[in-house]
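Geometric and topological summary
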Amino acid sequence: MSSLPRRAKVQVQGVLPKDEFSSFSELSSASEEDDKEDSAWEPQKKVPRSHKQPPPKESKPKRMPRVKKNTPQISDDSEVVVKEELNSSVAIADTALEDRKNKLDTVQTLKTAKTKRKCSAQPHAAQRTKKLKVDEETSKASNLEGESNSSETPSTSTMWGGTCKKEENEDDFTFGQSPLKKMKTETCPQGQPVKFPANANNIKEEVEMNWDIVQVLSERTNIEPWVCANTIRLFNDDNTIPFIIRYRKELINNLDADSLREVQQTLEELRAVAKKVHSTIQKIKKEGKMSECLLKAMLNCKTFEELEHVSAPYKTGSKGTKAQRARQLGLEGAARALLEKPGELSLLSYIRPDVKGLSTLQDIEIGVQHILADMIAKDKDTLDFIRNLCQNRHVCIQSSLAKVSSKKVNEKDVDKFLLYQHFSCNIRSIHHHQILAINRGENLKVLTVKVNISDGVKDEFCRWCIQNRWRPRGFARPELMKILRDSLNDSFKRLIYPLLCREFRAKLTSDAEKESVMMFGRNLRQLLLTSPVPGRTLMGVDPGYKHGCKLAIISPTSQILHTDVVYLHCGQGFREAEKIKRLLLNFNCSTVVIGNGTACRETEAYFADLIMKNYFAPLDVVYCIVSEAGASIYSVSPEANKEMPGLDPNLRSAVSIARRVQDPLAELVKIEPKHIGVGMYQHDVSQTLLKATLDSVVEECVSFVGVDINICSEVLLRHIAGLNANRAKNIIEWREKNGPFINREQLKKVKGLGPKSFQQCAGFIRINQEYIRTFCSQQTESSGQIRGVAVTSSADIEVTNEKQGKKKSKTAVNVLLKPNPLDQTCIHPESYDIAMRFLSSIGGTLYEIGKPEMQQKINSFLEKEGMEKIAERLQTTVHTLQVIIDGLSQPESFDFRTDFDKPDFKRSIVCLEDLQVGTVLTGKVENATLFGIFVDIGVGKSGLIPIRNVTEAKLSKTKKRRSLGLGPGERVEVQVLNIDVPRSRITLDLIRVL
């Protein structure tokens with residue numbers, strides 16, 4: 001965060017105190033100067049306002065990072081820590097002097113414990129921690145005493161809120177803002193729904209490095225440090241992205257899911273680097289090759305490329321570098337003397353005629369040169385200078401046709417990379433898709449790629465080194481200066497330039513892969529959230545030539561009514577039309593869904609012709625085209641076999657195609673996301689990153705839509721936040737054994753569903769109250785008591801579970817269960833108490849949820865009081881209150897997917913030959929890439945809108961989002977710019993989004 005002003009840096013350190021980040025202590029060459037500078041502006045540790053300070057005797061061990069979370073770790077000096085309680089909603093009150101004294105006591109206790117630990121710690125070469133200063137803590141305590149009389153606004157804001165508020169009105173509180181990120185522009189939100197303990201700012205990483213993980217994370221993601229600190233803490237406590245996005249908004253400053261996912265991936269990458277660094281350090285230590293200089297260089301590494309550069313000479317089996325061989329000959333003293341005491345250096349004294357490498361003066365000069373070159377290439381300040389220099393100079397990436405490509409590579413592959421056979425572009429302006437294309441060409445041996453750094457950069461670098469960093473301390477004779485210059489040239493050409501090339505290529509590739517995966521995720525989200533078409537009987541058609549078109553008719557509840565095969569393209573089209581008409585009339589089906597695979601175009605033309613002739617009268621039949629990507633893979637999967645036993649796999653594809661229109665989300669989650677086919681270069685990117693991102697997007701979509709726990713499938717349930725395959729299976733088994741869930745609290749009785757899993761999933765699980773009332777009334781009519789469930793009147797249902805399990809934590813005797821209308825909303829159980837107080841404030845009841853009168857009461861109350869005032873009175877946050885209001889006002893059958901685009905139903909068809917330049921058409925986005933948008937305009941071939949034609953002015957206000965792009969399923973109005981019939985290419989211009 002070099003661009004941050006000093007005051008912003010103060011805030012960063014306030015969020016993450018140095019004493020708890022001892023694992024990331026700095027071991028730079030100028031450590032003494034840095035310590036002096038740090039003491040000048042190191043911030044005061046902000047102690048949070050807490051409702052009640054737990055007494056020391058009830059203190060519990062601090063929770064460690066997630067891999068060790070079940071193993072409490074207590075320090076030898078009995079450091080006082082406070083147990084994290086992320087789950088509890090906090091009642092707040094105005095803090096007074098007594099509260100201040102509690103905080104002061106906490107500071108003094110921490111000071112004493114840490115002072116003891118500092119005195120007892122033993123120095124270690126690999127772990128040099130920053131010392132906690134007693135006078136610094138004393139000043140913090142005195143500041144707290146001085147502030148004891150100041151008035152504070154009642155709030156559940158945690159310590160981060162307080163820290164940020166301090167900087168709110170400062171003029172120089174600024175951060176570099178990326179056009180792709182929504183940066184913080186206000187103070188930390190008031191009234192956070194969770195309470196973090198007094199030591200909540202303390203983030204202890206598993207491995208120790210010389211850099212602050214929060215600050216590096218902030219720099220890489222361009223998200224503010226306090227948000228990064230909160231995000232790390234939330235992820236450490238096993239919170240899922242959907243849960244954080246919906247119920248912890250104030251802690252992440254309203255980040256969207258994509259940004260949060262990017263933070264998570266970057267955090268995992270940094271931790272992987274730190275873990276690799278320490279494993280490498282241990283290996284080198286075992287071999288006895290570790291030195292303080294090498295340790296410092298390795299602990300400064302932030303990327304795998306830097307670590308590879310530093311550790312390469314010490315790998316097992318390495319022959320050793322030229323510098324290592326020179327050091328073994330005893331020339332390191334000569335190299336250091338050249339820099340420190342050049343006047344006393346005599347190279348002739350090192351000559352040993354009988355030793356290879358020391359026999360001549362030239363050999364000695366070359367050996368000294370190699371050692372100096374190695375020292376230069378491993379020096380952190382030197383590498384920082386050349387990196388900064390390259391950022392401000394012209395560095396380009398070039399690709400050309402490989403010399404051997406004509407002999408070993410297919411000519412078609414060569415033609416594909418025509419654009420990149422003489423390509424050159426500045427690394428700061430190259431597009432992500434161009435990087436991925438160049439990499440693919442290089443992997444196929446079609447292209448040769450290199451990074452070109454201008455000679456001016458090298459000249460300026462050498463001049464800076466001689467005049468500043470590597471200037472000899474005294475007069476050096478011309479022959480010694482020549483050795484130094486040769487060392488600089490050799491170091492740049494042989495060591496530094498290859499390192500820079502690797503770093504640039506790795507950074508460009510990593511960014512391109514991440515953007516490609518994020519684009520895939522955005523497309524997948526758009527596809528999964530396509531508006532469902534409920535209440536229709538559908539005919540799914542899986543087109544084919546020789547083996548016929550497979551038909552499947554499904555009911556409005558997705559039940560299979562009929563399956564068949566018709567041969568439309570073998571000269572029997574007219575005869576098969578009678579069969580299709582009879583099926584449509586018998587099942588009163590007026591919607592045909594055609595898969596977009598083989599023979600799609602001909603099948604579409606067949607149905608369009610019959611519809612135009614009004615052949616299916618009196619039915620008004622319409623059809624739509626839907627992607628069948630992944631349908632064939634799903635049809636032969638164990639899931640499909642379990643769901644549709646005994647049905648031919650080809651007919652299963654037709655069923656899947658129809659269900660993709662009826663409920664896209666429920667059907668598409670059955671298919672592995674990468675097979676859905678809305679990505680770009682998906683086979684060239686990291687498959688681990690791709691799978692993690694797409695699975696996260698699926699979890700996000702399923703969770704935000706929500707599932708009815710009593711009717712949903714196991715496949716859908718396993719994608720809910722906090723659940724997995726085993727937990728979903730256990731929930732289904734519990735449901736089959738005990739009957740439907742009456743309320744959310746019963747989830748706690750399911751095997752394997754602990755408090756954390758319940759916290760994560762509860763808000764996304766719905767319990768339909770009408771279904772529960774119907775079920776209970778049926779049980780009353782039949783026997784009055786069944787499966788251990790005692791039922792009273794349907795208006796006020798009380799359920800007693802008489803079955804006692806083996807585990808006391810999972811079941812209890814005579815637990816009184818009662819349906820709760822809040823269980824059908826998006827309100828989290830942790831906020832039920834606030835929701836009830838809000839209901840009493842507006843004079844509403846639980847039985848008015850989702851009704852117009854509830855909306856009227858809420859609106860009038862909001863107009864009268866105002867959102868912030870109500871939130872303050874209820875002792876909660878504005879974000880939590882908004883979730884409560886949404887949950888109370890949304891109808892019982894609310895589905896936010898209805899705001900998204902529906903499939904495009906058609907009755908006629910247009911041919912490619914019918915198009916003319918200037919024709920205005922409407923179409924549906926099929927896929928979005930980094931270079932353009934593919935649009936289905938109904939001519940059998942998608943047209944391309946170049947990305948330069950997608951401008952913000954042409955997007956509707958609701959589409960002005962982070963990606964500035966369109967996603968699959970959106971309807972657009974386009975104009976034909978160019979038609980290339982031989983190559984079947986159509987270029988379009990975006991007019992507007994419909």
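Residues numbered from 1 in each chain as written. Predicted model: local features only at pLDDT ≥ 70, side-chain atom pairs only at ≥ 80, totals over all residues. Heavy atoms only, no water.

Ordered by their spatial adjacency, three strands build an open sheet running β2-β1-β3, and the pairing between neighbours is antiparallel. A single partner strand is all that each edge strand has here, and the edge strands are β2 (422-426) and β3 (447-453). Mean inter-strand twist for the sheet, computed between neighbouring axes without regard to direction, equals 15°. Where strand β1 (residues 395-401) and β3 come together, seven bridges link them in antiparallel fashion. Across the sheet, residue Ser-400 finds its bridge partner in β3, namely Thr-448. (Pairing = 2+ DSSP bridges. Helix = DSSP H or I, 4+ residues; strand = E, 2+ residues; numbered from the N terminus. Axes fitted to C-alpha atoms, helices over the stretch in contact; angles between N-to-C directions.)

At the junction of Ala-617 and Pro-618, the peptide bond is cis and its omega measures out at 10° in the coordinates. With respect to the helices and strands, the residue Pro-618 is situated in the loop between α22 (600-612) and β8 (622-626). Not every positive phi belongs to a glycine, and Asp-238 is a case in point at roughly 65°. Considering the arrangement of structural elements, one finds Asp-238 in the loop between α7 (225-236) and α8 (241-247). Note on Asp-238: relative accessible area 16%, which makes it buried. The phi dihedral of Lys-445 falls on the positive side, at around 65°, and the residue is not glycine. When you line up the elements, Lys-445 lands in the loop between α18 (432-443) and β3. (Buried < 20%, exposed > 50% of the residue type's maximum accessible area, 1.4 Å probe, protein only.)

Ordered in space as β6-β5-β4-β7-β8, the five strands form an open sheet in which the pairing is mixed. Looking at which strands have only one partner, the edges of the open sheet turn out to be β6 (560-566) and β8. Neighbour-to-neighbour, the strand axes of the sheet open up by a mean angle of 20°, direction not taken into account. Bridging between strand β4 (residues 538-542) and strand β5 (residues 549-554) involves five bridges; their strand directions are antiparallel. From the neighbouring strand, Gly-540 faces β5, where its bridge partner is Ala-552. Together, β4, β5, β6, β7 (591-595) and β8 form the strand contacts of helix α25 (residues 649-662), whose direction differs from that of β5 by roughly 50°. (Contact = heavy atoms within 4.5 Å.)

Residues Val-277 and Leu-717 are the most contacted members of the largest nonpolar core, which totals 108 residues. The biggest single contributor to this core is helix α9 (residues 257-286), with 10 residues. Look past the residues within four positions of Leu-717 in its chain and what remains in contact with it is Val-707, Ile-709, Cys-712, Leu-723, Ala-728, Ile-731 and Ile-732. (Core = buried A, V, L, I, M, F, W, Y, C linked by side-chain atoms within 4.5 Å.)

This paragraph deals with the confidence of the model for the protein. Per-residue confidence for the protein averages 75 on the pLDDT scale, and 72% of its residues sit at or above 70. Scored below 50 in pLDDT, residues 783-809 shows 54 contacts in the model against residues more than four places distant or in partner chains. Within the model, the stretch residues 959-964 combines pLDDT values under 50 with 22 contacts to residues more than four positions away or in other chains. (pLDDT = per-residue confidence, 0-100.)

A separate point is the side chain of Ser-635. Note on placement: Ser-635 falls in helix α23 (residues 631-635). Separated by 2.7 Å, the side chain of Ser-635 and the backbone oxygen of Ser-632 make a polar contact. (Polar contact = N/O pair within 3.5 Å; in protein donor to acceptor, adjacent residues only side chain to side chain.)

Moving on to the environment of Lys-550. Here Lys-550 shows up in strand β5. Sequence spacing of Lys-550 and Leu-651 is 101 residues, and the spatial spacing of their C-alpha atoms is 5.8 Å. If we skip the residues at most four places from it in the chain, Lys-550 touches Gly-540, Val-541, Asp-542, Asp-564, Val-565, Asn-650, Leu-651 and Ala-654. A distance of 3.0 Å separates a polar side-chain atom of Lys-550 from the backbone oxygen of Gly-548.

Where strand β18 (residues 971-980) meets strand β19 (residues 985-993), eight bridges bridge the pair, whose relative direction is antiparallel. Counterpart to Glu-973 in the pairing with β19 is Arg-992. Between β18 and β19, which follow one another and run antiparallel, lie four residues, and Ser-984 among them has a positive phi close to 55°.

Here we take up the environment of Ala-692. By secondary structure assignment, the location of Ala-692 is in helix α27 (residues 687-705). A C-alpha to C-alpha distance of 9.8 Å links Ala-692 and Val-517, two positions 175 residues apart in sequence.

So, on to helix α19 (residues 455-469). Counted at 1.5 Å a residue, the expected span for α19 with its 15 residues is 21 Å, and the 20 Å between its end C-alpha atoms agrees. If you check which residues of α19 are buried, you get Val-457, Phe-461, Cys-462, Cys-465 and Ile-466. Looking down the long axis of α19, one finds its buried residues gathered within 155° of arc, a one-sided arrangement. Residues of α19 that are buried in the fold lie against α14 (361-378), α15 (380-391), β3 and α20 (478-528). (Expected span 1.5 Å × (residues − 1). Arc of directions from axis to C-beta.)

Let us look at α7. An ideal rise of 1.5 Å per residue puts 16 Å on 12 residues; α7 measures up with 16 Å between its terminal C-alpha atoms. Among all positions of α7, only Pro-225, Trp-226, Val-227, Cys-228, Ala-229, Asn-230, Thr-231, Ile-232, Arg-233, Leu-234, Phe-235 and Asn-236 are buried. Count one or two residues on from α7 and you reach Asp-238, which has phi positive near 65°.

Another aspect to go through is the pattern of salt bridges. Applying the stated criterion across every chain, the model contains 42 salt bridges. Put simply, Glu-643 and Lys-670 hold a salt bridge, and the shortest N to O gap is 2.9 Å. Of this pair, Glu-643 sits in helix α24 (residues 638-643) while Lys-670 sits in the loop between α26 (664-668) and α27, and the two are 27 residues apart along the sequence. Residue Glu-745 pairs with Lys-748 through a salt bridge whose shortest N-O separation is 3.0 Å. By relative accessible area, Glu-745 is classed as partly exposed at 38%. Taken together, the shared-partner salt bridges connect Arg-327, Glu-332, Arg-336, Asp-374 and Lys-378 into one network. (Salt bridge = Lys/Arg side-chain N within 4 Å of Asp/Glu carboxyl O.)

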